Protein chains: 2
Amino acid sequence: MVQNMKDEKKRGRPRAFDAKAALGKARDVFWDRGFAAASLDNLSAATNLNRPSLYGAFGDKEDLYLDTLEGYRQDGMDVLTEALDPSLPLRDNIARVYAGALAIYLHGETAARGCLLIGTASVEAVQHERIREVLGRSLNDFDDEIEKRMRLAVDRGELPRGADPQMLARLASAVMHSLAVRARAGDSRETLEAIARSGVELICGSAP
Amino acid sequence: MVQNMKDEKKRGRPRAFDAKAALGKARDVFWDRGFAAASLDNLSAATNLNRPSLYGAFGDKEDLYLDTLEGYRQDGMDVLTEALDPSLPLRDNIARVYAGALAIYLHGETAARGCLLIGTASVEAVQHERIREVLGRSLNDFDDEIEKRMRLAVDRGELPRGADPQMLARLASAVMHSLAVRARAGDSRETLEAIARSGVELICGSAP
DNA sequence: AGAATTTAATGCGAAATGGTACAAAATATG
DNA sequence: CATATTTTGTACCATTTCGCATTAAATTCT
């Protein structure tokens, strides 16, 4: 599974496509249609790869989907940790988290696609154990990252000593989950931004 | 579309099945598999109706799905309004809302199915306008119902005069949305109940 | 240059899918 | 009882679906 990190010349015919770019195109298809409704023809057309190439590079449809989820999770974590820059006040951190999320969720301007994980992996989670596992792990990783910042906030006195960092983090995530669902349900950017602002207020109410 | 409300004898062969019961069985199929992955064979088997009967009674797959969503929305609103009984304190109301939601989301004991709307309609919302419309309307109706109770709480002095009922309601809903997603992601009942408790605390923090 | 190896492209095929035609059955109306 | 009307069940059809077999192309190794 692990490919050559650099272009140490592999034997045989070289790939005529960029696997990472193809994965990005596939992600868009899954994001719009979901896993079940995304056909290999859709994916093949979007990536400009014929099905055998797709299959050879990524495995079957579920493998490909799991790959896109994993990449999305990574990207999301990057955005999250950047938003949580501990040199900024907690309020700003949480506001940035929501702003970053909305930038992703509302991408496209036409019909908002929300969160790839929440919007498309949730459906499959009941019947596909591997997808449920990725979804659960992703949500937990997000919670944990926010929790770290909350813990720091308590230590620093940004939050009262009695505050529960784990629960505050989970509730901060909850607002984000709601933004993801509502974006996909067609709520306006204005509505979502208002909810984000109120969320910051509620979660960080006692912070300076 | 409107059927006879009572059994005023209709001409022709009478139905050999209970449409409402069939709709319930179909709902279970959609709940587990989602719209796209639910095949007419699945639905036919679960309802004990052959495809032509299904089609005759409910229209095509999307019509049937929309019918189940509408029924779910109605049932959900009933549970919600009952939970929000204004003779109880606000805290109890919100706690009951979450308890009622979890009772539905965790149904099955095996793999939790979360919320039918959030869990299965969200995926289709981007491409199917009618589904997006039902999803959006349902979320709004829930928000509005909670908002009414919040407004009452402000009037009664359960919440401070400056509290924003609309935003508090949306955030109360947000916690519920998160419970729906997390249930489907495999979180334990204990975790979900803990989040619900913290949510009540956060939302109703200033209430007696 | 030739063998080995990997990818690309075409196209196939078996199964599943959504939907329907058609005839038989069950009921109300005249 | 005959006719109209609606539902039921079987079978079917056209299309889509996923996945792969096979052959041609491109590159490395000997």
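Up top is the structure these notes are about.
This structure is a prediction, so every number in the text was calculated from the model and none was measured.

Asks: How should I be thinking about the environment of Gly 12 of chain B in this particular structure?
Replies: All names here are of chain B. Here Gly 12 shows up in the segment before α1 (19-37). Residue Gly 12 is classed as exposed on the basis of its relative accessible area of 60%. Distance in space between the C-alpha atoms of Gly 12 and Ala 169 is 50 Å, their sequence separation being 157 residues.

Asks: Please clarify how the protein's contact with DNA strand C should be interpreted in this entry.
Replies: Contacts to DNA strand C come from 26 residues, most closely from Arg 13 and Ala 16 of chain A together with Leu 40, Tyr 55 and Lys 61 of chain B. Taking the atoms of DNA strand C that fall within 4 Å of the protein, sugar and phosphate contribute 70% of them. Between DNA strand C and Ala 38 of chain B, the relevant distance is 3.4 Å, taken from a phosphate oxygen to a main-chain nitrogen or oxygen of the residue. Of all the secondary structure elements, the ones that give two or more residues to the surface near DNA strand C are α3 (51-58) of chain A together with α2 (40-47) and α3 (51-58) of chain B. Looking at side-chain class alone, the surface near DNA strand C contains nine nonpolar, five polar and twelve charged residues.

Asks: Hey, could you run me through helix α4 (residues 61-83) of chain A in this one?
Replies: Because the α-helix completes a turn every 3.6 residues, residues three or four places apart line up on one side. All names here are of chain A. Compared with an ideal rise of 1.5 Å per residue, which puts 23 residues at 33 Å, α4 spans 33 Å between its outermost C-alpha atoms and is within 8% of the ideal. Taken together, the buried positions of α4 are Glu 62, Leu 64, Tyr 65, Leu 66, Thr 68, Leu 69, Tyr 72, Arg 73, Gly 76, Met 77, Leu 80 and Ala 83. Looking at the buried positions of α4, the neighbouring elements they touch are α1 (19-33), α2 (40-47), α3, α5 (90-105), α6 (116-125) and α7 (129-156).

Asks: What is the right way to read the packing of α6 of chain A against α7 of chain A from this model?
Replies: Residue and element names in this part refer to chain A. Close contact between α6 and α7 brings their axes to 8 Å; oriented N to C, the two are set at 140 degrees. Judged by the inter-axis angle, α6 sits oblique to α7. The chirality of how α6 crosses α7 is left-handed. Along its contact with α6, which presents Leu 117, Ile 118, Ala 121, Ser 122, Glu 124 and Ala 125, the element α7 presents Ile 131, Arg 132, Val 134, Leu 135, Ser 138 and Leu 139. For the contact of α6 with α7, the class distribution of residues is eight nonpolar, two polar and two charged.

Criteria and cut-off values
Residues numbered from 1 in each chain as written. Chains lettered and ligands numbered in written order. Predicted model: local features only at pLDDT ≥ 70, side-chain atom pairs only at ≥ 80, totals over all residues. Heavy atoms only, no water. Helix = DSSP H or I, 4+ residues; strand = E, 2+ residues; numbered from the N terminus. Buried < 20%, exposed > 50% of the residue type's maximum accessible area, 1.4 Å probe, protein only. Near = heavy atom within 4 Å. Polar contact = N/O pair within 3.5 Å; in protein donor to acceptor, adjacent residues only side chain to side chain. Nonpolar A, V, L, I, M, F, W, Y, C, P; charged D, E, K, R; others polar. Expected span 1.5 Å × (residues − 1). Contact = heavy atoms within 4.5 Å. Axes fitted to C-alpha atoms, helices over the stretch in contact; angles between N-to-C directions. Parallel < 35°, antiparallel > 145°, perpendicular 65-115°, else oblique. Left-handed = near helix turned anticlockwise from the far one by under 90°.

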